[in-house]
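Here is what each chain is made of, one letter per residue.
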Amino acid sequence: MSGSRADFAADFAGAAFGEEDLVRAIDLAIFAALVLAEVLVVFLAVVLAADMGAPEVWLRAYRAGRPLGNPAAGLNPAFTLTRPFWHISRTPRGPMSATILIADDDPVQRRLIEAMARRFGYRAETVDGGAAALARIEARDPCPIDLLILDLVMPDLDGMAVLARLRERRSTVPVIVQTAHGSIDAVVSAVRAGAVDFVVKPVGAERLQVSIKNALRLDALGDELRRAKRRGEGRVGFDDLASRSEDMARVVRLAERASKSAIPVLIEGESGVGKELMARAIRAAGDRKARPFVAVNCGALPENLVESILFGHEKGAFTGAVERHSGKFLDANGGTLFLDEVGELPPNAQVKLLRALQEGEIDPVGAKRPVRVDVRVISATNRDLLSLVKAGSFREDLFYRLNVYPLSVPPLRARRDDVIDLARRFAARFAAEEGKPVRGLSSEAAELLRRYDWPGNVRQLENALFRAVVLADGDELGIAEFPQVAAQVEGFDVRVPPVAASAALSAPLREPAPYPAAPEPGALSLLDETGDLRPLESIEEEAIRFALAHCRGRMSEMARKLKIGRSTLYRKLREFGIGDGEAAA
């Protein structure tokens, strides 16, 4: 029966298709399989070439969106990708701390530079000409351009013309110039026109990364120096409060409106968010910018001297008043008085402050008549004044007099996009002050800082960067320089953890030497078990282990008593193999 069925199938196939048609169908199937195999092999080659960092012809054609097949052979793959499918997974998970604009008329070069910039952890935007680059730099965008990579040879507006326009408009955006012709004259001309660096096409990934880091470091340092100069001259403006956060930008816009009048402003916000900086910006943008700015921390005033410090006193008004004192209100007459932590004022001072705001006059202690003053009052608090009013510790009428124009500065955790910009500026400033070759943050460290909540806000971030720069041994700040922050963020290893006293105390004891033992605990033996001198490294290791136990894990105290730097101490811990078990918090 099976034989007859086979004969019937063969006869049916021969009758339906014919022998020649059957051979043609088999050939077509083999050809389709070969085409599919070629497509898969080419695709795998492109992926491997990109993964190994080889920007060869296949990779450029692939990223440019050209088909991978051979049109002459009639092969047309069913897919054409303009970006690698692994682009998202290979991009660093850290935050893109800076926005880089790439201006080049060559689409292949634009895509290659953009891909490298994104892999380094930066935002990247591209334009195809000089005019478009100028328009993007001058646009009022929540993400301003931090760095321009500029091609010198472009059809509409070349690189030298763009540099000249940027200089005319006093732009502070750093520029890296790239060209295919790296002549000395071109380098000199570009640097004289304002470029901070020069690269020749095709630029390697390592060279470009170093150039970007150096340019951003110089920009951050220059920006921080300009801010410090303006702060010293009392010219802090709203440009110093530039933020990528929409919430912060909204507060700045409200503050700009308040600066045009003499309306009382109450700035609310947590400690360390920059309330005084906001007050100085309001004053600098108003009509009183050339008049005095007097800041008073109400929480630091002795309760028995608050009235004297704020409103002044006459000679002999009380015991110890050996001379007349004008007071902060008179010092700020015609200008601005900033009352920080106004919620800490005692009740008696609140009454006098209310009168000064309502009547425009003050009563110095011991004075026979009031004194007229013209003062614009800006107050700030890190407490909920309305809750204090309900609790009876703050006057309700004074609250409504101060709270005419409230501004609420968001905490740093609510504007995480600003963390990396601030960290970059602080790192540049402290690296210059400490003489360290720190260029910036690693992507992993940037993600760590961004994910931390920063309860101390900008002040805490500034101190953390100061400490990290002092600890840094290389040219980049990593997680090892932020051990205290990493210990509080889930998913990050504490590379250099604090030392636990219990672990140090439980370290294995050394065998007693055959020579007389030390007369008291803590003494170090200079001889080993055989009676020979011990190596210096062994003695140093034992001394550090003893210090771990003696200082009970307090690294600052331990470094101070050993008279070595903390970075040296951490390095010694790593060299002697004191790991998490012996040096965990």
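Residues numbered from 1 in each chain as written. Predicted model: local features only at pLDDT ≥ 70, side-chain atom pairs only at ≥ 80, totals over all residues. Heavy atoms only, no water.

(A) Seen up close, the packing of aromatic side chains. One pass over the full model with this rule turns up five aromatic pairs. Ring plane angle 20° and centroid distance 6.3 Å describe the contact between Phe-293 and Phe-338, whose orientation is recorded as stacked. Here Phe-338 lies in strand 8 (residues 336–340) and Phe-293 lies in strand 7 (residues 293–297), a separation of 45 residues in the sequence. Both residues of the pair, Phe-293 and Phe-338, count as buried. Where Phe-399 meets Tyr-400, the ring centres are 5.1 Å apart and the plane angle is 65°; that geometry is what we call edge-to-face. Stacked on the ring of Phe-430, the Lys or Arg Arg-429 has its end atom at 4.7 Å from the ring centre. (Phe/Tyr/Trp six-rings, centres within 6.5 Å; stacked < 30°, edge-to-face > 60°. Helix = DSSP H or I, 4+ residues; strand = E, 2+ residues; numbered from the N terminus. Buried < 20%, exposed > 50% of the residue type's maximum accessible area, 1.4 Å probe, protein only. Lys NZ or Arg CZ within 6 Å of the ring centre and 35° of its normal.)

(B) Representation of the nonpolar core in the model. The biggest cluster of nonpolar side chains holds 31 residues, and the ones touching the most others in it are Leu-449, Trp-454, Leu-461, Leu-465, Leu-477 and Phe-482. Within the residue set of this core, elements represented by two or more residues are helix 17 (417–434), helix 18 (443–451), helix 19 (457–471) and helix 20 (483–486). Looking at this core, the element that brings in the most residues is helix 17, giving eight residues. Among all residues touching Leu-465, those that are not within four sequence positions of it are Ala-423, Phe-426, Ala-427, Phe-430, Leu-441, Leu-449, Leu-477 and Phe-482. Val-294, Leu-339, Leu-345 and Leu-353 belong to the second largest nonpolar core, which has 29 residues in total. (Core = buried A, V, L, I, M, F, W, Y, C linked by side-chain atoms within 4.5 Å. Contact = heavy atoms within 4.5 Å.)

(C) Structural context of the pattern of salt bridges. Enumeration according to the criterion identifies 30 salt bridges in this entry. Residue Asp-418 is joined to Arg-415 by a salt bridge in which the shortest nitrogen-to-oxygen separation is 3.4 Å. In this structure, the salt-bridge partner of Glu-540 is Lys-572, at a minimum N-O distance of 3.3 Å. Of this pair, Glu-540 sits in helix 22 (residues 536–550) while Lys-572 sits in helix 24 (residues 566–575); the two residues are 32 residues apart in sequence, bridging distant segments of the chain. If you follow the salt bridges from partner to partner, you end up with Arg-355, Glu-361, Asp-363 and Arg-372 in one network. (Salt bridge = Lys/Arg side-chain N within 4 Å of Asp/Glu carboxyl O.)

(D) How the structure looks around the confidence of the model for the protein chain. The pLDDT averaged across the protein chain works out to 76; a share of 73% of its residues lies at or above 70. For residues 12–17, every residue scores under 50 in pLDDT, and the model assigns this stretch one contact once sequence neighbours within four places are set aside. A low-confidence stretch, residues 495–507 stays under pLDDT 50, and its non-local contacts, those more than four residues away or across chains, total 35 contacts. (pLDDT = per-residue confidence, 0-100.)

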